[in-house]
Amino acid sequence: MARFDPYENNGGTCVAVAGADYCVVAADTRLSVGYSILSRDHSKIAQLADKCVLASSGFQGDIKALQKNLAAKELIYEHNHNKKMSCPAMAQLLSNTLYYKRFFPYYAFNVLGGLDSEGKGCVFTYDAVGSYERTGYSAQGTGSTLMMPVLDNQLKSPSPLLLPARDAVTPLSESEAVDLVKDVFASATERDIYTGDRLEIVVINSSGTHREYIELRKD
Amino acid sequence: MAMKVDMSALETNFSIPCLDDGDGMHLSADSPDVPSMVLPTCADFDGFQAATKDMVKNKRGTTTLAFIFDKGVIVAADSRASMGGYISSQTVRKIIEINPYMLGTMAGGAADCQFWHRNLGNKCRLHELSNKRRISIAGASKLLANILYSYRGMGLSIGTMIAGFDEKGPGLYYVDSEGARLVGNRFSVGSGSLYAYGILDEGYRFNMSVEEAAELARRAIYGATFRDAASGGCVSVYHVGPDGWKKLSGDDVGELHYHYYPVQKTPVEQEMTDAPSTSA
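Residues numbered from 1 in each chain as written. Chains lettered and ligands numbered in written order. Predicted model: local features only at pLDDT ≥ 70, side-chain atom pairs only at ≥ 80, totals over all residues. Heavy atoms only, no water.

(A) Seen up close, the packing of aromatic side chains. Throughout the structure, instances matching the rule amount to 20 aromatic pairs over all chains. When the centroid spacing of 6.1 Å and the interplanar angle of 45 degrees are considered together, the rings of F124 of chain A and Y132 of chain A count as tilted. Of the two residues examined, F124 of chain A and Y132 of chain A, each falls in the buried class. Within the aromatic cluster, the residues linked to one another by ring pairs are Y99, Y100 and F103 of chain A together with F115, W116 and Y151 of chain B. (Phe/Tyr/Trp six-rings, centres within 6.5 Å; stacked < 30°, edge-to-face > 60°. Buried < 20%, exposed > 50% of the residue type's maximum accessible area, 1.4 Å probe, protein only.)

(B) A look at the interface of chain B and chain A. Every contact between the two is made by 44 residues of chain B and, on the other side, 32 residues of chain A. Taken over both partners, the interface formed by chain B and chain A buries close to 3400 Å², and the fraction arising from carbon and sulfur atoms is 62%. Our enumeration of links across chain B and chain A arrives at one salt bridge. Note that R102 of chain A is salt-bridged to D112 of chain B, the shortest N-O span being 2.5 Å. For the pair chain B and chain A, the interface holds twelve residue pairs in polar contact (both at pLDDT 80 or more). Mapped onto the side of chain B that touches chain A, the elements with two or more residues apiece are α1 (45-56), β5 (86-89), α2 (110-131), β13 (234-241) and β14 (244-252) of chain B. Split by residue class, the side of chain B that touches chain A holds 23 nonpolar, 13 polar and eight charged. (Contact = heavy atoms within 4.5 Å. Buried area = accessible area lost by both parts, 1.4 Å probe. Salt bridge = Lys/Arg side-chain N within 4 Å of Asp/Glu carboxyl O. Polar contact = N/O pair within 3.5 Å; in protein donor to acceptor, adjacent residues only side chain to side chain. Helix = DSSP H or I, 4+ residues; strand = E, 2+ residues; numbered from the N terminus. Nonpolar A, V, L, I, M, F, W, Y, C, P; charged D, E, K, R; others polar.)

(C) Main features of α2 of chain B. Taking 1.5 Å per residue as the helical rise, α2 of chain B with its 22 residues ought to reach 32 Å, and the 31 Å between its terminal C-alpha atoms agrees with that figure. Within two residues after α2 of chain B, K132 of chain B carries a phi angle of roughly 55 degrees, on the positive side. (Expected span 1.5 Å × (residues − 1).)

(D) Main features of the sheet that holds strand β10 (residues 169-176) of chain B. Residues and elements named next belong to chain B. Ordered in space as β6-β7-β9-β10-β11, the five strands form an open sheet in which the pairing is antiparallel. Both edges of this open sheet fall to β6 (95-99) and β11 (181-183), since each of them pairs with a single strand only. Ignoring which end each strand starts from, the neighbouring axes of this sheet average 20 degrees apart. Both strand β7 (residues 102-105) and strand β9 (residues 159-166) contribute to a ladder of three bridges, which runs antiparallel. Among the inter-strand pairings, M102 is bridged to a residue of β9, identified as G164. Here α2 sits on the sheet in contact with β6, β7 and β9, set at roughly 20 degrees to β6. Contacting β7, β9, β10 and β11, helix α3 (residues 137-150) runs over the sheet at an angle of about 5 degrees to β10. (Pairing = 2+ DSSP bridges. Axes fitted to C-alpha atoms, helices over the stretch in contact; angles between N-to-C directions.)

See below:
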């Protein structure tokens, strides 16, 4: 009796770190199925708007469909409102898009990074059905449980829920944040079979978007 | 073979769909305008939902409480979200601000609660615009309960409390994804609710000052985070009075522990002294 099994996990990890005036979004470029590597050069990052970048890990078929869906909705928004979508607006759109498939989820673990309307870095982290939260940093994917403790150690700031509020800006500079991301991927690559090959790093700041590639272990 | 959401519970026999005849009165048996959702085309819907739930491991939230007292309503919650055994966040907002005088709490599936509370906020605003007055807490909780009832059996997981202040005074309703809607004075929802009830029921009195009530709520949530592995993070306490809600406190539970149980200096039996240094 054939079971309905439309999903597949293609592995990989995505990370985003927000700073005072920049945002770093990074993901490895390995695509796997089971114990096989299908591609060493598959990008998990999509630029949805000029200050808004989505990185997703999970089932790349669903991720491709989700990225196309969001790009189309962003274009409609531009036509209706005569401006590009801001990152917080895209964050809510992504949440709703994921929830509308609540009973047949997109198998996608997303991290959205960019600059908000004030130019400050913002990172939004999601679960597969659309619950989201604005945070200072996040990792999603097969290597996320290896990376998050390291990011917590380096970047954890007082909770935004505290009252009286405490200052929660990540004090790292852009180059320090990029170095941290490279280190964290190097560590995860050592211990996660689905993470490796190459690291794609996208940095968004006031002067635009800048892309960089670093080689990772290919074993 | 596509599945349609079962709306039979909402069909009534005595409302006739009629056109607007000038006085703006509509009686309609239409279903509430819930979004139309894509459903998987498979033979075994429930098996598929069970399998996706395990695979996707959605974020879940865990100890919330609310109670009515003479000065309004106190609402409190922790801030931990777990995905299976992994803590996915310690900074989740589980008290959702639906509008300036109504709060909703989140327990169960994080996405379900966030989405339907946002949807409820929209409906409350539309009600205000159509009727030129605020919606009552009873009305808001009924809107939510009816929507959740229509999705009954499909795997939504929501255990929420709608708390607020309206013309009839303080209001508190418990609404869940099974379709329950209960009015009451005191509720705690989530995996840590049993621990919170222990402290809450013991310390509750109807006549309390706002500070005493907030301290009771804080202590109850702290107790739940202490014993329940799935609760933790920060305790947020809100008060809803006649002028709307106000956040009273947000405390990290780790620090709160030492506030309640300060470190006792234990008497040392034998002091260790440095070995005398020998000069060579």
